[in-house]
Structures are given as structure tokens and as C-alpha cells.
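If you want the building blocks of each chain, they are given just below.
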2 protein chains.
Amino acid sequence: MNTTSEQTAAEMPDVSELLCFSIYSAGHAFNQLYRPMLDEIGLTYPQYLVMVALWSRDGRTVKELGELLFLDSSTLTPLLKRMEAGGLITRTRNLQDERQVLLHLTAEGTALKQRAASVTGCIGDAIGIDADTALKIRTAIDALRDSIHKRRR
Amino acid sequence: MNTTSEQTAAEMPDVSELLCFSIYSAGHAFNQLYRPMLDEIGLTYPQYLVMVALWSRDGRTVKELGELLFLDSSTLTPLLKRMEAGGLITRTRNLQDERQVLLHLTAEGTALKQRAASVTGCIGDAIGIDADTALKIRTAIDALRDSIHKRRR
DNA sequence: GGCGATTTGTTTGTGCGCGATCTAAATAGA
DNA sequence: TCTATTTAGATCGCGCACAAACAAATCGCC
């Protein structure tokens, strides 16, 4: 008996027993649940998250948005360009610091919030759990995520 | 007061309050946690899940694998081809039903299990939660995912 | 002021992930 | 038997997601 990788074949758990797989597949399920509703307002799921972030506070920088969504600028730049091309947001350099790009909602982007509100409501109905249970799950997962991020530093 | 989308601006929750976002970002965190370890054995995270599935039962069809992992053939076919090119698995048509493709581990693919065992162990240490808590989270998320899948039928 | 280090965002290349569409094999029915 | 339907995979197009490499602006420090 030792602590190296010389383990018996029986020690590899089934894929369905991995916590990471539960989260992985639940993420896909949410994506698929949102897709048809978001299709109707012309958003992808990550774009929807960007809009939610900007609806709550307009004029963020790419970096701020990335820290909020845990996404890299190399993911956000093309995504934001597509949203700009779609007329939802504007991307302008900050005149006080030309390194930064400021993100602002257009009138169209702001107006979309009303239509998106019903999507958010539908999701709540669809997942079929009460707010208290949802909060408990969310708290546990957020703690897990933050713990992982901490260990990656 | 009515039940249409005419809601006040205040009703859109912050992105960090969305359960779907917690799962979305935790999924990314897991992916980033696994990546450096899986890099060393030449696997991506979805490829690792395929390997775990085949280590527990070899000779699955693409369809069976897709049902287990909740992935479409349009995702799996190219992924499995890359794994075949990498010498981890073989893809052969089932002679009893030529529509099916059987997936079998190569000697190299089987051998990789030993090295992967330490990865799975490292993850357990890294996330820093006890098995009981992990099981509770997993059960809740799995129920959520299945509930979503049920409503999409 | 000048210059190296840091910060911010972009580009590039690779690999998912999925809807839509297609092909071939198997099956069901008349 | 012969055709219609179903099933299993493959292909295509698009949009993430991220590492690595890059460019430009700013900061720190003299």
C-alpha cells in the first residue's frame, strides 16, 4: 500500500459520480433551456449574461466585465464585437485611459431589458424549485467555485 | 398591475444572483482546474470524461456515450476522431448493425487509467470539500438537470 | 524627460457544443 | 417485395472558451 498512482482498477469512479460532471452537464442543460427563449430576442446565453451585467450597471470596462463573469478578454472581445455589430452595445476607448474599452448599452440594448424580463421569469418557472432551495444550491456552488479559484492563484 | 412583460426596471436580478450563472461559472472553474493536470496526460476535459466512461465500460456505441454524457453526435464524432488519431481508442462499425460505431480502448488508452487516477485524486484534494457535502451538492444539481431535461421533452 | 515594467485589450489557433441537414442502414407495413 | 419511416452517425456553420503571442497605453522610478 502506498500513495503513488499504483492503484487498483476499481478506484476510478463512474463519470456520473463526479461532482465536476454534474456541474458540467447541468450547465449544458441550462444552456439548452435558455436557448429557444433567448433565440427570440436574438441573444446567445453568454451574450444574455453580458446584457444582465450591463443592465444592472452600464459603462463597465472589458476587464470589469471579465472579472464579474470570470471570462477572459480573448473570449469577450469577439463576443462584444458581435453584440456591437448587432446594435446592442457600443465599444469606445476611455479618453482618460486609452487602454480601456467602455461598454455602453444602445437604446435598442436598453429596450431589450423589458423583453428579457419574461425570459428570466420563465426560467424560474421551468426549473421547478423554490427560491430557498435555489439559494442554498447557489451558495454551495459559489463557495466551491471560489475555492477552486483560490487554489489556482 | 398585470402579468405581462411590463415590469419595473428593478426586477432584473444581478448576474451573480442567477443560479444558472453559478453553475456556468463553476463549470469553467472546474475546467480550468483540470486543464493543467489533464494537459500532462494529453487529454482535454471532455475527452477525460469519455475516457472515464470507457474505463468503466468498454465497447460502448456513440449513442450510448452521448446519452451518458448528454452530448450530441455532432459533438462526439469529431472529439472521438481526435481521440482515435491520438491512439487512445478505436472506432469500428458494429457488424451486427452497421449504423452503430463501437468505441474500444487501445492498450495505450487502457494504460492511461493509472496515470489519470492521480488526477482524480488531486481534484478531490483541490476542491477542499468533504465527500458528504459533495454528494449533497451533486444530488441537488442532478435533480435540477433532470428536471430541466424533463421539461424540454 | 526618459525608459523598462505593467496593464488593457486584440489576434490567432485549437477544441468543444449544438442546431440543421445529410447519408446509409435497419425496420415496419401494405 | 418494395417502399416509407425510423435510427445512428457524420458534416457544416457559428459561437463560445482559453492559452499564447502581440500591440498600445500607462505607470514607476530615476
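To keep things clear, this report deals only with the structure shown in the data block. In this text the structure is predicted, and so the values were computed from the model without any measurement.

The rules behind each value
Residues numbered from 1 in each chain as written. Chains lettered and ligands numbered in written order. Predicted model: local features only at pLDDT ≥ 70, side-chain atom pairs only at ≥ 80, totals over all residues. Heavy atoms only, no water. Near = heavy atom within 4 Å. Polar contact = N/O pair within 3.5 Å; in protein donor to acceptor, adjacent residues only side chain to side chain. Nonpolar A, V, L, I, M, F, W, Y, C, P; charged D, E, K, R; others polar. Helix = DSSP H or I, 4+ residues; strand = E, 2+ residues; numbered from the N terminus. Core = buried A, V, L, I, M, F, W, Y, C linked by side-chain atoms within 4.5 Å. Buried < 20%, exposed > 50% of the residue type's maximum accessible area, 1.4 Å probe, protein only. Contact = heavy atoms within 4.5 Å.

Looking now at the protein's contact with DNA strand D. Residue and element names in this part refer to chain B. Looking at DNA strand D, there are 28 residues lining it, with Tyr24, Gln32, Thr77, Lys81 and Arg91 nearest. A breakdown of the atoms of DNA strand D within 4 Å of the protein gives sugar and phosphate a share of 77%. In this structure, a phosphate oxygen belonging to DNA strand D sits 2.4 Å away from a side-chain N or O atom of Gln32. Of the residues in the surface near DNA strand D, the class split is six nonpolar, 12 polar and 10 charged.

All right, on to the protein's contact with DNA strand C then. Surveying the vicinity of DNA strand C reveals 28 residues, the closest of which are Tyr24(A), Ser73(A), Thr77(A), Lys81(A) and Arg91(A). The protein-proximal atoms of DNA strand C, defined as those within 4 Å of the protein, are 77% sugar or phosphate. The contact in question runs from a phosphate oxygen of DNA strand C to an N or O atom on the backbone of Val62(A), over 3.4 Å. A distance of 2.9 Å separates a phosphate oxygen of DNA strand C from a polar backbone atom of Val101(A). Counting only elements with at least two residues in the surface near DNA strand C, the list comes to α1 (19-40), α3 (62-69), α4 (73-85), β2 (89-94) and β3 (97-105) of chain A together with α2 (45-56) and α4 (73-85) of chain B. Tallied by class, the residues present in the surface near DNA strand C amount to seven nonpolar, 11 polar and 10 charged.

Right, let's get into the nonpolar core. In terms of nonpolar packing, the biggest core is built from 98 residues, with Phe30(A), Tyr48(A), Phe30(B) and Tyr48(B) touching the most fellow members. Apart from residues no more than four positions distant in its own chain, Phe30(B) is found in contact with Leu19(A), Cys20(A), Ile23(A), Leu144(A), Ile148(A), Ile123(B) and Ile127(B).

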